[in-house]
Amino acid sequence: MYRFWRVLPPRVKRRFLLFLGAGLPFCSVILKPGFRRIAPLMAGSGMLALDIFVPQLNLFSKSFWRASRVTQAVSLTFDDGPDPRITPGLLDLLAEHQVKASFFVLAERAKKFPEIVRRIENEGHELAFHGLDHQKIWKLSLKNFAEKTEKGLGILRSLSSQNITWYRPPHGFIRFDQYLWLRKKGLRLAGWTIGVWDTDQEVTPEEISERVLTSLRPGDILLLHDGVADRLRPQWAMLKALENTLPVLRKQGLSFLTLSSLWALNQGEPLAF
Ligand SMILES: [Zn+2]
C-alpha cells in the first residue's frame, strides 16, 4: 500500500486527502444522526493530525523536504548536535571531501560547545535550528513553544553571525499554529526526503551505507544525526558510514549543498512534493 502511495504524483495525493477531508462531512448526510454530528469534527481533526504526523504531505504547513530532481545536488543535514565525540571528526571528513552541509543543532548543546558551533560556521556550513532541547513540541502550548523557541534562537544568535532561517522540529512533528508562529518569525520549516535510521542502537556502518547508496537520489535532503539527543550511543556508525559513502556518491556525480543553497537552486521550480 505504501509503495503504491509513494509513486502517486503529488497533486493526486494532495487532492485525494483534501477530497477525503471535505468528503467525509458531506457523506455524513447519509450516516446515522449521531455520527452525522461528529463526522465534520472527525474529518477536521483527521486532517490536522495528518498535517502534524505526515509533514511531507504539506497539507497546511509547508516544509522544504525535497528539491527538484533536475539538479545533481543533494543536501546532507545533521541533527541533534553538536557532540564533541563526533562533530569535529565529521567536520574533518566534510572538509576532506569538500562537502558543505547543514547542522540542525539543539541550542542547549550548542551553548555547551560554542567552539564547535564556530567551527561549523567558519568552515562554510550552515547553522540551522532544531529547538532548545529535544522535547516533542507538538504537545506544548503555543505560549510555551514560543518561549522555548525564542530562548533557543537567542542562544544561537549569540553564538553565530549567520542568519538562522531553517527550523526542523524535534522528532519532525509540528502543529499548524506553531508553524504559523515560525513563519511570522521569518523561519522556514525543513523536512527531509530520506532517513536511514542511523540512530538505531544496533545499526552497523555497512547497513547505513547500503541504505544511503540504494535510496539517495538527486534533489534529496538526507537526514543524519551527529548528536545523540535522548539516546546513549554516540554516532560512530554514521560517521564511519559517511566515510565509506562520500567517495562513492561523488563518483556518481552528486554535489553537496547546504539546505539554503539547495533551496535557492529550487527557486523557480514548484516546491517539490
Ligand atoms: Zn532530532
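Conventions and cut-offs
Residues numbered from 1 in each chain as written. Predicted model: local features only at pLDDT ≥ 70, side-chain atom pairs only at ≥ 80, totals over all residues. Core = buried A, V, L, I, M, F, W, Y, C linked by C-beta atoms within 7 Å. Buried ≥ 20, exposed ≤ 12 C-beta atoms within 10 Å, placed from the backbone. Helix = DSSP H or I, 4+ residues; strand = E, 2+ residues; numbered from the N terminus. Contact = placed C-beta atoms within 7 Å. Axes fitted to C-alpha atoms, helices over the stretch in contact; angles between N-to-C directions. Parallel < 35°, antiparallel > 145°, perpendicular 65-115°, else oblique. Left-handed = near helix turned anticlockwise from the far one by under 90°. Nonpolar A, V, L, I, M, F, W, Y, C, P; charged D, E, K, R; others polar. Expected span 1.5 Å × (residues − 1). Bend = angle between axes of the 7 residues up to and from the residue.

With an unreviewed UniProt entry as reference, the protein is termed NodB homology domain-containing protein, source organism Thermodesulfatator autotrophicus.

Okay, the nonpolar core next. Of all hydrophobic cores here, the largest spans 56 residues; its most connected members are Phe-103, Val-105, Ala-110, Ala-128 and Leu-222. Among the elements that make up this core, the one with the highest residue count is helix H10 (residues 236-251) (seven residues). Excluding residues within four positions of it along the chain, Ala-110 makes contact with Pro-82, Val-105, Val-117, Ile-155, Leu-156 and Leu-159.

This brings us to the packing of helix H7 (residues 142-159) against helix H8 (residues 176-184). Running from N to C, H7 and H8 point in directions that differ by 40°, and their axes come no closer than 10 Å. As summarised for this structure, H7 and H8 are arranged oblique, according to the angle between their axes. Like other packed secondary-structure pairs, H7 and H8 cross with a definite hand, here right-handed. Mapping the contact onto sequence places Leu-142, Phe-145 and Ala-146 in H7 and Asp-177, Gln-178 and Trp-181 in H8. Each residue belonging to the contact of H7 with H8 can be placed in one class, and the counts come to four nonpolar, one polar and one charged.

This brings us to H10. Helix length check: H10, at 16 residues, gives a terminal C-alpha distance of 24 Å against a target of 22 Å (1.5 Å per residue), a fit within 8%. Taken as a whole, H10 carries its principal kink of about 30° at Thr-245; the proline Pro-247 stands between one and four residues after it. If you check which residues of H10 are buried, you get Ala-237, Met-238, Leu-239, Ala-241, Leu-242, Thr-245, Leu-246 and Leu-249. On its buried face, H10 sits against helix H4 (87-96), helix H9 (205-215) and strand S8 (221-225). The positive-phi residue at the C-terminal boundary of H10 is Gly-253, with phi of around 90°.

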